Amino acid sequence: MADPRHDAVTFSTPPRCDVLIIGGGVTGTAIARDLALRGVNAIVAEWRDVASGASGGNHGLLHSGARYVASDREAAVECREEGDILRLTAPHCIEDCGGLFVSVVGDDPDYGESFPALCSAAGITAKEIPVEEALAMEPALSPKLTRAFSVPDGSIDPFRLCLDLMAHATLEADSQLFSHTKITGLEISGRRVVAAKAVHPKLGEFRIEAKQYINAAGAWAGEIAAMAGGTVPLVLSKGTLLVTHDRLATRVINRLRPAGNGDILVPGGTVSVLGTTAVRLGGLDSISPTIAEVEENIREGAPMVPALASTRYIRAFAGVRPLAGSGSEDRAVSRNFSLIDHARPDQGGIENFTTITGGKLTTHRLMAERTSDAVCAKMGVTAPCRTRTALLPAVAASSWTEPGRAARFWLEHHEPENPVLCECELVQKRAIEEIVSSLPETEVSLLQAIGLRSRVGKGPCQGAFCSVRITSALYDADAFTGPEGLYQLTDFLRSRFKGQRPILWGTQLAQAELAEALHCGLYSLEHLSCKGEEHV
Amino acid sequence: MSNGASRIPDFGDPADVVIVGAGLAGLAAGIFAVNRGLRVILAGSTGGLAYTTGYLDLLGSSLTETSSYYAEPFEGIAALREEYPGHPYAKATDNEIRAAFSEFLESLAVADLPYVRTGSNMLGFSPLGTVKSTYAVPSTMFSGVEAYATRPPCLLIDFHGLKAFSAKGMAAVLKEVWPDLRPIRLEFPDLEWTGELYPEAMARCLEVPATLEKLAAIITPHLRGEAAVGLPAILGIHGSSAVQARLSALLGVPVFEIPTMPPGVPGIRLRECLDALLRDKGVALFAQRYVYGLNRKDDLFHVAVGESQAETNLRAKCLILATGRFLSGGLRADRIRGISESLLGLPLNAPATRSQWHREDYFAPQGHPINRVGVMVDDWFRPVDSEGRLAMPGLYAAGGILAHQDWLREKSGAGIALISAWKAVQAMEKELAGE
C-alpha cells in the first residue's frame, strides 16, 4: 500500500537484473556479494532496510561453535570453520574478544564434564580456566562460579556486515539494493517466474524482471515461497535481547549448560547484549519485546553475571529466528539451513526459483555459497565462489556503526563546521551527510536509515535529542520541503519506544520522562498524527 | 533517613514552612508564602525549569482519541473535572486558578519579566515549526503569537552554529498554512567562533547595547517590508523586554522570540528572576542541594540537606513537597518494588504491575498511565491515602508530583504548579494561624 504522503511514480520500463534476491538480511546481501564476485548482477528487494529482521535482531555473536557441541555437532563444525574464514575476510566487522563458558553452583555438573571432549570432537579449542583466574579475567562473573572454559567466540556487527556485503556487490557488479520494496507476487509463465510484482511507498507498484529468483526472506520465506506454490518448513522462534548501559564483560559469557533463556552475554562495543528468550510464534504480526521476556532474561542471566539484576538497561529488542525444520523444541531444531529448489514438482515446479532459509549469522557465507552455486549452475555460470578468501572491503559510509568511531573522529579532527548532532555517541554532521549520500534512492525514512547506519539513537538518550537535531540539520540541507521530516521524526521515535517500553524503570524511566517532556511537552509531536494545529 | 539529621547543625530558628523542590511549583509556593508574610526556607534543585519554553500553560490539549487544542482553557477544565475527579484542577475553582496566575504574573512583572495573558489560549511556536496551546507567554514572544494568528509576511532568522533551530525547517513545516515565512541564516556577532553557539551565551552578549546594534545592522539589509521578525529566544537574560523593544526600534519592525531546544534562555530567566525575588524577600535559599533525610518530630519537620552529604538541618512547622516526578527524583520506579514517593513513602495511586505503566504506542493520544501516578491530596493539597486519611499534619504537596494529571499531554504543567502552590499556601496560612 502506497503511503499517501508521497506522490506515486512508476518505472516506465521495469528494472532488470540477472538475479532478483528477495530479502536484504545477511543471507540476501551475502548472496548478492557472492554472485557479484562471479560477475552476476543482482537486485536485492528488501521490504524494510538491510538487516531489519533476524540479521540485526540477535546478539551479534560470532559463534565458536561451542554452543552447539552437544546438540548439533555439524552446526558446531560449520560455525568453527566459518568463524575462521570471517576473521580473515571481514576483520573490520569483528571484535575477536574470545569467550567463556561458565557454570555456577546449581548447574548440572555432567554437562561441564562432557563439554571439553565434545568441543574437541568438533575441533573447537576449549581450555579450562581455574575459577580464580576466570574471576580475575571477568570480575562481573558470579562468585558462585564452579567451572570456566575459554573458547574462541567473538562479536560481529551485523549491520556493518550487511552494508559492506551490499556495497561490495554494488562495486563488483552494479548490484542494487531496493529498500522499502515489498514483493507482493510472482508472475509465472509455464514453469518460470517472468517477473516479480513490487510496491514501494514512493515508486508505487512496479515489476522487476530477472533470470533467476532467490527467496532469502528469512522469517517471511514461507510467504514468498507460497507465491510460486512452494512450501518452506519453518519454525518461527522469537528471541528477545537486552542492551545494557555499560559493557559488563570483556568476553562473550556463555552459561555452561544446555542452551536456555538468558544464557549468553555478548559485548557490543560499549554495551553488553543479554539474551535470549525463545517463544514460538504463529504469525509475524507482533514482534515487539515484552516485559515478561525482559524479566525472564534477567532472572536467568543474573546467576551467571549478578550485575544483570541491578544494572541499567537502555533498550530491548526482538528478532524472529527462522529455524529450518519443524521440530517441537525450538532450541532442538537444527540451526542448519535448508536450500530448496522449487523446480521440484512438490515445490511448485518452478525452474528459476530457489529458497534459502534457516541458518545462523555465523554461517551466512556458507549459505550464500551453496545458494549461489545452485543458482549459477542453473544460469550456466561457471565462475567459482571467491568468498572463502576475498577480502570484504570496508566502506566508509558503513563505518559509523562502530562504537567509538565517531568519538575518535571528533577528537582527532575537531572541525568547527562539523558539529556534534548526537551527544551521547558524538556523531557529527559530516557522518550524517556521508550516510545520507550513501543511501539508495529507494530510501523513504532518513532518520531510520541513519539510525541503522550509525550510533545515532544507541546511547543513553535513545535518540530523544539527536533525532530532533538531525531533523533540523536535514531541513537545513533541503532534505524535506514540507512537514514530512516531522512525520519521519515521529515514526523514528515511535519505533525506538518499542524497545524502551519494557525496560523503563529507574534512571532509564527518568530519561524517558525527559524525552516525553521534550517531544510532547515542548514540541507537541503527539498532535501531528491528527494535524491538530488549530484551536477547536 | 533520619540518621545524620541529629548530628548535623540546625539552620537558624524553625521557619513557618520549608519548601522542598525549586522547580516552578516550589518557587511559586515561595513567592505566595512570602507575599503572605510567612517565614520561608526553600531547598532543592531547580529540576526541569531549564527545560521550559517559557510558555506558562493552563490546559492546552484534550486527551481523547483525536488530541486537539482547547481555545478556551476553562471549558477544558470543566470537562477535566468531570473525567478526573482527583485532578488538581478539580480541587480549585476557575476564579482561584485565575487568581493564582494573576498573583504569580504580577510578581514576575515586578521583577522585570513581564508576561502576556489574554484569558484564552494562544498558539505559540516550537523550534520545529509545530505550535503549542498555552495560556501566558513572555512578552518577548507575544508578537509571534499574534503573527501566527494572522500570518502576515514574516522574516524568520536562525544562526550559523545554533543547533536544532532551523528557520528553513520551520518555514517548510508551516508552508501550507503560512506561505509568507521567509527563512534566513545569519552569523552571530561578537562571539568567538568555536563551531557551536549556545543560547545562554548569545543572550548575555545581546545585553551589551553595541552587540545588539551590530545584530540589527546584520538583519536590516534582509528586511523586505515584513510585518514581524522572528528569532531564537536569545534577547538577553535580564531585562529581555527592554532588549526586545530596543531591537524592534532599531529594525523598525516588531521582533519576537521563538523558544529553542532546551536547556534554553526562557527557563534561565524564570529561575534567575524568581531566585532574586525570593532572596530580596528574605527567603533562606538552599538551591541545588540534595535532600538526605526528612522526618517530622516534636511538631517540626526536619530536612537534612547538602551538596554531597547531609550538611544542614532545616526546621519548619509546615512542609510543601514540590519534588517533581521521576526525572527530579520526587518519585522512584523500581523494577521489582514498583513506584514509590522518595522522601516519605507517601501513598500513591500506582498501578499494580509494570506492564500498566506505558501504552504500546509512544504517541498514544490518551497518554501513558504512569504519568498520572502521584501523590493523592485533599482539596487543600494535603497528602492523603486512598481512604482519604491525612498522611501527617502540616504536610502539603504541589506541582508535578500530584496524582491524576498528565501535564505533558494536557499542557497543564504551569497551571497545576501554580494552583496547587497557591491553595497549599493559603491552607497553610490558616493552619499556622491555628484556624
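(A) Up close: the overall build of chain A. Across its full length, chain A holds 14 helices and 22 strands. Relative to its length of 536 residues, chain A is compact, with a C-alpha radius of gyration of 23 Å against a globular reference of 24 Å. When its C-alpha atoms are laid out on the principal axes, chain A stretches across 70 × 65 × 45 Å. In chain A, which comprises 536 residues, the proportion classed as buried is 61%. Counting only contacts in chain A whose residues sit at least 6 apart along the sequence, the fraction spanning at least 24 positions is 73%. Split by element, the accessible area of chain A, about 19200 Å² in all, is 53% carbon and sulfur. Distance between charge centres in chain A, computed from 52 positive and 64 negative side chains, equals 3 Å.

(B) Here's a closer look at the pairing of strand S13 (residues 300-306) of chain B. Residue and element names in this part refer to chain B. Counting buried positions along S13 yields seven of seven residues, so the element is predominantly enclosed. Here strand S12 (residues 290-297) pairs with S13 via seven bridges, running antiparallel. The residue of S13 that forms the bridge with Val 291 is Val 305. Count of turn residues in the S12/S13 antiparallel hairpin: two residues, of which Asp 298 carries a positive phi of about 50°. Sheet topology places S13 next to strand S14 (residues 312-321); five bridges connect them, and they run antiparallel. Residue pairing in the sheet places His 302 in a bridge with Arg 315 of S14.

(C) Representation of the pairing of strand S16 (residues 338-341) of chain B. All names here are of chain B. Two elements, strand S15 (residues 331-334) and S16, share four bridges in a ladder whose sense is antiparallel. Directly across from Asp 334, in S16, lies its bridge partner Gly 338. Counted between consecutive antiparallel strands, the loop separating S15 from S16 contains three residues.

(D) Quick peek at the interface of chain B and chain A. In this assembly, 61 residues from chain B lie in contact with 58 residues from chain A. Contact with chain A buries area across many residues of chain B, yet Arg335(B), Tyr362(B) and Phe363(B) alone supply 15% of it, more than any other trio. Summed over the shared surface of chain B and chain A, the result is ten salt bridges. Between Arg335(B) and Glu295(A) there is a salt bridge, with the nearest N and O atoms lying 2.7 Å from each other. Contributing elements (two or more residues each) for the side of chain B that touches chain A: strand S4 (68-69), strand S5 (115-125), strand S6 (131-138), helix H5 (167-174), S15 and helix H10 (407-410) of chain B. By residue number, the principal contributor to the side of chain B that touches chain A is H5(B), which donates four residues.

(E) Spatial organisation of the environment of Leu27(B). Residues and elements named next belong to chain B. When you line up the elements, Leu 27 lands in helix H1 (residues 24-35). Under the relative-accessibility criterion, Leu 27 is labelled buried at 0%. Put simply, Leu 27 and Leu 206 are 179 residues apart on the chain and 27 Å apart in space, counted from C-alpha to C-alpha.

(F) Representation of helix H4 (residues 142-150) of chain B in the model. Residue and element names in this part refer to chain B. Every buried residue of H4 is accounted for by Phe 142, Ser 143, Gly 144, Val 145, Ala 147 and Tyr 148. Contact partners of the buried residues in H4: S5, S6, strand S7 (154-159), H5, helix H8 (240-251) and strand S10 (255-258). With its phi angle positive at about 55°, Arg 151 sits one or two positions after the end of H4.

(G) Spotlight on the nonpolar core. Of all hydrophobic cores here, the largest spans 161 residues; its most connected members are Leu56(B), Phe104(B), Leu108(B) and Ile320(B). At eleven residues, the largest contribution of residues to this core is made by helix H11 (residues 413-432) of chain B. Domain assignment of the residues forming this core places at least three in each of domain 2 (95-153 + 236-321) and domain 3 (397-527) of chain A. If we ignore the near neighbours within four places in the chain, the residues touching Leu56(B) are Leu24(B), Phe101(B), Phe104(B), Leu105(B), Leu108(B), Tyr115(B), Thr134(B), Tyr135(B), Ala136(B) and Ala414(B). Tyr69(B), Val131(B), Ala171(B) and Ile219(B) belong to the second largest nonpolar core, which has 49 residues in total.

(H) Up close: the sheet that holds strand S8 (residues 181-186) of chain B. Residues and elements named next belong to chain B. Strand order in the open sheet made by the four strands is S8-S7-S9-S10, with parallel pairing throughout. Each end of this open sheet is capped by a strand with a single partner; those strands are S8 and S10. Each strand axis lies, on average, 25° off the axis of its neighbour in the sheet, ignoring direction. Note that S7 and S8 share six bridges and pair parallel. Each bridged residue has a counterpart across the sheet, and for Leu 155 the counterpart in S8 is Arg 182. Docked against the sheet, helix H7 (residues 209-219) engages S7, S8 and strand S9 (228-232), running at close to 120° with respect to S7.

(I) Quick look at the confidence of the model for chain A. Residue and element names in this part refer to chain A. In the predicted model, chain A carries a mean pLDDT of 92, and 95% of its residues have values of at least 70. Under a pLDDT of 50 for its full length, residues 1-8 has, in the predicted model, ten contacts with residues more than four places off or in other chains. In this model, residues 530-536 is a region of pLDDT below 50 whose contacts with residues beyond four sequence positions or in other chains number 24 contacts.

(J) Structural view of the side chain of Arg354(B). Of note, Arg354(B) is situated in the loop between S16 and strand S17 (395-397). Looking at Arg354(B), the relative accessible area reads 10%, which means it is buried. At a separation of 2.6 Å, a polar atom in the side chain of Arg354(B) contacts the main-chain carbonyl oxygen of Pro502(A). Ignoring sequence-local partners within four residues, the contact set of Arg354(B) consists of Ile291(A), Val294(A), Glu295(A), Pro502(A), Ile503(A), Leu504(A), Trp505(A) and Arg335(B).

(K) Geometry of the pattern of salt bridges. This structure, assessed with the given rule, holds 61 salt bridges over all chains. Across the pair Arg257(A) and Glu300(A) runs a salt bridge, and its minimum N-O distance is 3.0 Å. With a gap of 43 residues between them, Arg257(A) in the loop between strand S14 (252-255) and strand S15 (264-268) and Glu300(A) in helix H7 (residues 291-301) connect regions that are remote in the sequence. Look at Glu300(A) and you get partly exposed, because its relative accessible area is 22%. For the salt bridge of Arg409(B) with Glu516(A), the shortest nitrogen-to-oxygen distance reads 2.8 Å. Here Arg409(B), found in helix H10, pairs with Glu516(A), found in helix H14 (residues 506-522), and the two come from separate chains.

(L) Layout of the sheet that holds strand S8 (residues 154-156) of chain A. Residues and elements named next belong to chain A. An order of S3-S8-S4 is seen for the three strands of this open sheet, with the pairing classed as antiparallel. A single partner strand is all that each edge strand has here, and the edge strands are strand S3 (61-62) and strand S4 (94-95). Two elements, S4 and S8, share two bridges in a ladder whose sense is antiparallel. Bridge pairing in S8 places Glu 95 opposite Ser 155.

(M) Highlighting the domain arrangement of chain A. Residue and element names in this part refer to chain A. Along its sequence, chain A is carved into domain 1 (16-53 + 159-233 + 335-379), domain 2 (95-153 + 236-321) and domain 3 (397-527). Computed from C-alpha coordinates alone, the two centres of domain 2 and domain 3 are separated by 30 Å. Contact between domain 2 and domain 3 buries roughly 1300 Å² in total, counting both sides, with carbon and sulfur atoms accounting for 56%. Contact with domain 3 buries area across many residues of domain 2, yet Arg 312, Ile 314 and Arg 315 alone supply 44% of it, more than any other trio. Inspection of the domain 2/domain 3 interface yields zero salt bridges. At the level of secondary structure, the elements contributing two or more residues to the side of domain 2 that touches domain 3 comprise H7 and strand S18 (313-324).

(N) Expanded view of the environment of Glu103(B). All names here are of chain B. Within the secondary structure, Glu 103 sits in helix H3 (residues 94-110). Look at Glu 103 and you get buried, because its relative accessible area is 15%. Separated by 14 residues in the primary sequence, Glu 103 and Arg 117 have C-alpha atoms spaced 13 Å apart. Side-chain polar atoms of Glu 103 contact the side chain of Asn 35, separated by 2.9 Å.

(O) Region of the structure containing H11(B). Between the first and last C-alpha of H11(B) there are 28 Å, a value that for 20 residues agrees with the 28 Å anticipated at 1.5 Å per step. The buried count for H11(B) comes to 15 of 20 residues, which makes it a mostly enclosed element.

Calculation notes
Residues numbered from 1 in each chain as written. Chains lettered and ligands numbered in written order. Predicted model: local features only at pLDDT ≥ 70, side-chain atom pairs only at ≥ 80, totals over all residues. Heavy atoms only, no water. Helix = DSSP H or I, 4+ residues; strand = E, 2+ residues; numbered from the N terminus. Rg over C-alpha atoms; globule rule 2.2 N^0.38 Å. Buried < 20%, exposed > 50% of the residue type's maximum accessible area, 1.4 Å probe, protein only. Contact = heavy atoms within 4.5 Å. Areas by Shrake-Rupley, 256 points an atom, 1.4 Å probe, with all protein chains shown as cover. Lys, Arg positive; Asp, Glu negative; His and termini not counted. Charge placed at Lys NZ, Arg CZ, Asp CG, Glu CD. Pairing = 2+ DSSP bridges. Buried area = accessible area lost by both parts, 1.4 Å probe. Salt bridge = Lys/Arg side-chain N within 4 Å of Asp/Glu carboxyl O. Core = buried A, V, L, I, M, F, W, Y, C linked by side-chain atoms within 4.5 Å. Domains from an automatic or database assignment. Axes fitted to C-alpha atoms, helices over the stretch in contact; angles between N-to-C directions. pLDDT = per-residue confidence, 0-100. Polar contact = N/O pair within 3.5 Å; in protein donor to acceptor, adjacent residues only side chain to side chain. Expected span 1.5 Å × (residues − 1).

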